[in-house]
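# Coordinate inspection notes
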Amino acid sequence: GCYHLAVVLRRLTSILPALFAFTCAIELPARASTTEQCIAASERGQDVRDRGRFSAALAEFYACASATCPEILRAECARWAAETEERIPTLILGVRDPAGQDIISIRALLDGAPLASRLDGRAFRIDPGEHVIRVEAPGMTPVEQTVLVREQEKGRRLDILMSRLPE
């Protein structure tokens, strides 16, 4: 399977290094630039994907699908990226004040890490599993909500109604 592909590519690179010597004039940080880096990205991507960390897997799969990687590996990584895109859930966050008016400028945290500072109506990609969403807005009492996000759940709405801070 996928593991065998990586082993075959490693052997080929040790026998025929010139075959896979691809370079790019402009290197982007997310791009793998050598065959070994491409193989490593594909292995890391499969590992984190299998542990449900789809966001991290996508970054690795996009790196090994870059033009600097061997064609056979690019094709596999592109396929894995497409499959992972199908599986990654998305969440649409809506925040309203007590009068029902949308609050756009907020501070949203996902499991303690910054998620957004402004809402624009677009969905956020979130790995499946249990997460704590915390929303803060000027003059409002912070709200925390625990959600269980399911694999392949697309466009899930999470509407948060905030209350004013006591005076």
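All figures in this text were calculated on a predicted structure; none of them were measured in a lab.

Evaluation of the coordinates by the stated rule reveals 1 aromatic pair. Judged by centre distance (5.5 Å) and plane angle (45 degrees), the ring pair of phenylalanine 61 and tryptophan 80 falls under tilted. Taken together, the positions of phenylalanine 61 in helix H3 (residues 54–64) and tryptophan 80 in helix H4 (residues 71–87) put the pair 19 residues apart, joining distant regions of the chain. Tryptophan 80 matches phenylalanine 61 in its accessibility class, with the two residues each being buried.

Time to look at the nonpolar core. Residues Leu93, Val95, Ile106, Val135 and Met162 are the most contacted members of the largest nonpolar core, which totals 21 residues. At the level of elements, strand E1 (90–96), strand E2 (105–110), strand E5 (129–136), strand E6 (143–149) and strand E7 (156–161) are the ones that each hand at least two residues to this core. Apart from the residues lying within four places of it in its own chain, the contact partners of leucine 93 are Ala108, Leu119, Phe124, Val135, Leu158 and Ile160. Among the nonpolar cores identified, the runner-up in size contains 16 residues, and Val48, Cys69, Cys77 and Ala81 belong to it.

In space, the 4 strands of this open sheet follow the order E3-E2-E5-E6, with antiparallel pairing throughout. Edge positions in the open sheet fall to strand E3 (113–118) and E6, since each of these has one partner strand only. In this sheet, adjacent strand axes meet at a mean angle of 25 degrees when their direction is disregarded. Alignment of E2 against E3, held across 4 bridges, turns out to be antiparallel. Paired with serine 105 across the strands is arginine 118, a residue of E3.

Our next topic: the state of the cysteines. Counted by the stated rule, this structure contains 2 disulfides. Across the disulfide from cysteine 64 sits cysteine 77; the S-S distance is 1.8 Å. A torsion of -110 degrees about the S-S bond marks the disulfide between cysteine 64 and cysteine 77 as left-handed. Highlighted residues: cysteine 64 in helix H3 and cysteine 77 in helix H4, separated in sequence by 13 residues.

Relative to the helices and strands, isoleucine 160 resides in strand E7. On the accessibility criterion, isoleucine 160 (3% relative accessible area) is buried. Separated by 17 residues in the primary sequence, isoleucine 160 and valine 143 have C-alpha atoms spaced 7.8 Å apart. In contact with isoleucine 160, other than residues within four places in its own chain, are Leu93, Gly94, Val95, Arg96, Val135, Val143 and Gln145.

What follows concerns the packing of H3 against H4. It is at 8 Å that the axes of H3 and H4 come closest, and there the two elements cross at 155 degrees. When the interaxial angle is binned, H3 and H4 end up roughly antiparallel. Helix-helix and strand crossings are classified by hand; for H3 and H4 the assignment is left-handed. Of H4, the residues touching H3 (which contributes Phe54, Ala57, Leu58, Phe61, Tyr62 and Cys64) are Leu73, Arg74, Cys77, Trp80, Ala81, Thr84, Glu85 and Arg87. Partitioning the contact of H3 with H4 into residue classes produces 10 nonpolar, 1 polar and 3 charged.

Cut-offs and rules
Residues numbered from 1 in each chain as written. Predicted model: local features only at pLDDT ≥ 70, side-chain atom pairs only at ≥ 80, totals over all residues. Heavy atoms only, no water. Phe/Tyr/Trp six-rings, centres within 6.5 Å; stacked < 30°, edge-to-face > 60°. Helix = DSSP H or I, 4+ residues; strand = E, 2+ residues; numbered from the N terminus. Buried < 20%, exposed > 50% of the residue type's maximum accessible area, 1.4 Å probe, protein only. Core = buried A, V, L, I, M, F, W, Y, C linked by side-chain atoms within 4.5 Å. Contact = heavy atoms within 4.5 Å. Pairing = 2+ DSSP bridges. Axes fitted to C-alpha atoms, helices over the stretch in contact; angles between N-to-C directions. Disulfide = S-S within 2.5 Å. Parallel < 35°, antiparallel > 145°, perpendicular 65-115°, else oblique. Left-handed = near helix turned anticlockwise from the far one by under 90°. Nonpolar A, V, L, I, M, F, W, Y, C, P; charged D, E, K, R; others polar.

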